[in-house]
Amino acid sequence: MMTEYVTVTADMPLARSHAIKLHGPEGFEGMRRAGRLAAEILDALVPHVVPGVTTQELDDIVRKMAIDGGGVPATLGYRGYTHSCCISINHVVCHGIPSDRALKDGDIVNIDVTPLVDGWHGDTSRMFLVGDVPIKARRLVDVTYECLMLGIEQAKPGNHLGDISHAIQRHAEKHRYGVVRDFCGHGVGRMFHDAPEVVHVGRPGTGPELKPGMFFTIEPMINTGRPDVKLLDDGWTAVTRDRSLSAQFEHSIGITETGCEIFTLSPKGLHQPPY
């Protein structure tokens, strides 16, 4: 099927479609503001992600920082979701719901935030190590971050989404890890979730061609066991079927004339743990 692209203008109505949006300088400026706030929130969480803290306490920090930073949490009220971020612990793959659960020594935790700033979504997630984390879990976190960055290396005009997917899959499977298929990255910008879908397994040279102005997330979810996941009865929380550990990192990026710009880089250089 032929991929459809559409150049975005400021007066264009806000709507999701199968067409991939191509953004101009205004879009890049908007995503820089939103992405920076998202990264600043994750930076600020570092001293708080410790044994004994509850995930609801972390969610409260995210909400306050998003509002104080001139935005709102995009997840708050999204499809009925009632929290300001997602916090996924150990075998939770994604969309973990903040609660009164306290973090324990040895946990690995993904915190996924999306502040909405002046109409633009800054979508990013990062892994955190809680206390003394076993080597096996640390290694998973390291390889997952490497998967993200290897995928981003392939994000340049003329390449295809399959080049990103293949780089991630090859590196994860080299370490005998499973790459989750049930969830993927997505177009982002004024829409929270938009075209294209960015899967994390694939063949080089396949999928839509990357063109300047495309905005999307890359967010590989990597398991120490099999790729299979199941959804819990709450309708949000996804866990590994075999109870193996899972890790994820996410950046929002924009394709430029020469490569890509990462909108959600940590201002403090806290890209991967230990922080």
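About the cut-offs
- Residues numbered from 1 in each chain as written.
- Predicted model: local features only at pLDDT ≥ 70, side-chain atom pairs only at ≥ 80, totals over all residues.
- Heavy atoms only, no water.
- Pairing = 2+ DSSP bridges.
- Helix = DSSP H or I, 4+ residues; strand = E, 2+ residues; numbered from the N terminus.
- Axes fitted to C-alpha atoms, helices over the stretch in contact; angles between N-to-C directions.
- Salt bridge = Lys/Arg side-chain N within 4 Å of Asp/Glu carboxyl O.
- Buried < 20%, exposed > 50% of the residue type's maximum accessible area, 1.4 Å probe, protein only.
- Contact = heavy atoms within 4.5 Å.
- Phe/Tyr/Trp six-rings, centres within 6.5 Å; stacked < 30°, edge-to-face > 60°.

J.: Describe the sheet that holds strand 15 (residues 229-231), with residues and values.
T.: Reading across the sheet, the three strands line up as 5-16-15 and stay open at both edges, with antiparallel pairing between neighbours. Since the sheet does not close on itself, it has two edges, and those belong to strand 5 (92-94) and strand 15, each with one partner. Geometrically, the sheet is characterised by an average inter-axis angle of 40° between neighbouring strands, direction not taken into account. Inspection of the sheet shows strand 15 paired to strand 16 (residues 238-240) by three bridges, in the antiparallel sense.

J.: Explain the pattern of salt bridges residue by residue, including any values.
T.: Within the structure shown, the criterion is met by twelve salt bridges. As a salt-bridge pair, Asp68 and Lys64 come within 2.6 Å of each other at their nearest N and O atoms. Residue Asp68 and its partner Lys64 are located together in helix 2 (residues 55-68), separated by four residues, close to a single helical turn. A residue is classified by how much of its surface remains accessible, and Asp68, at 53% relative accessible area, is exposed.

J.: Summarise the environment of Gly259; cite the residues concerned and give the values.
T.: Positionally, Gly259 belongs in the loop between strand 18 (251-255) and strand 19 (260-262). A relative accessible area of 11% means that Gly259 is categorised as buried. Sequence separation between Gly259 and Lys211 is 48 residues, and the spatial gap between their C-alpha atoms is 9.7 Å. With near-sequence residues (within four places) excluded, Gly259 lies in contact with Ala155, Lys156, Pro157 and Gly254.

J.: Run through the sheet that holds strand 9 (residues 124-129), naming residues and quoting values.
T.: A sheet is described by the order of its strands in space; here three strands give the open sequence 4-6-9, paired in antiparallel fashion. Each having just a single partner strand, strand 4 (86-89) and strand 9 make up the two edges of the open sheet. For this sheet the average axis-to-axis angle between neighbouring strands, irrespective of direction, equals 20°. Pairing between strand 6 (residues 108-113) and strand 9: six bridges, direction antiparallel. Across the sheet, the residue bridging to Ile111 is Arg126, located in strand 9.

J.: Give a description of the side chain of Thr224 that names residues and reports values.
T.: Within the element layout of this structure, Thr224 appears in the loop between strand 14 (221-223) and strand 15. The contacts of Thr224, once residues within four sequence positions are left out, are Lys136, Leu140, Arg176, Tyr177, Ser244 and Leu245.

J.: Break down the packing of aromatic side chains for me, citing the residues and quoting the values.
T.: Given two aromatic rings, one states the distance between the centres and the angle between the planes to describe the pair. With the rule as written, the count across this model stands at eight aromatic pairs. With centroids separated by 5.8 Å and ring planes inclined at 65°, the aromatic side chains of Phe28 and Phe263 adopt a geometry described as edge-to-face. Here Phe263 lies in the segment after strand 19 and Phe28 lies in helix 1 (residues 25-45), a separation of 235 residues in the sequence. Each member of the pair, Phe28 together with Phe263, is buried. Between Tyr145 and Phe249 the ring centres are 5.3 Å apart and the planes differ by 75°, which places this aromatic pair in the edge-to-face class. Placement of Tyr145 in helix 3 (residues 135-153) and of Phe249 in the loop between strand 17 (246-248) and strand 18 is noted, with a sequence separation of 104 residues between them. Note on accessibility: Tyr145 and Phe249 belong to one class, buried. An aromatic cluster is present here, built from Phe28, Trp120, Phe215 and Phe263 joined pairwise through their rings.

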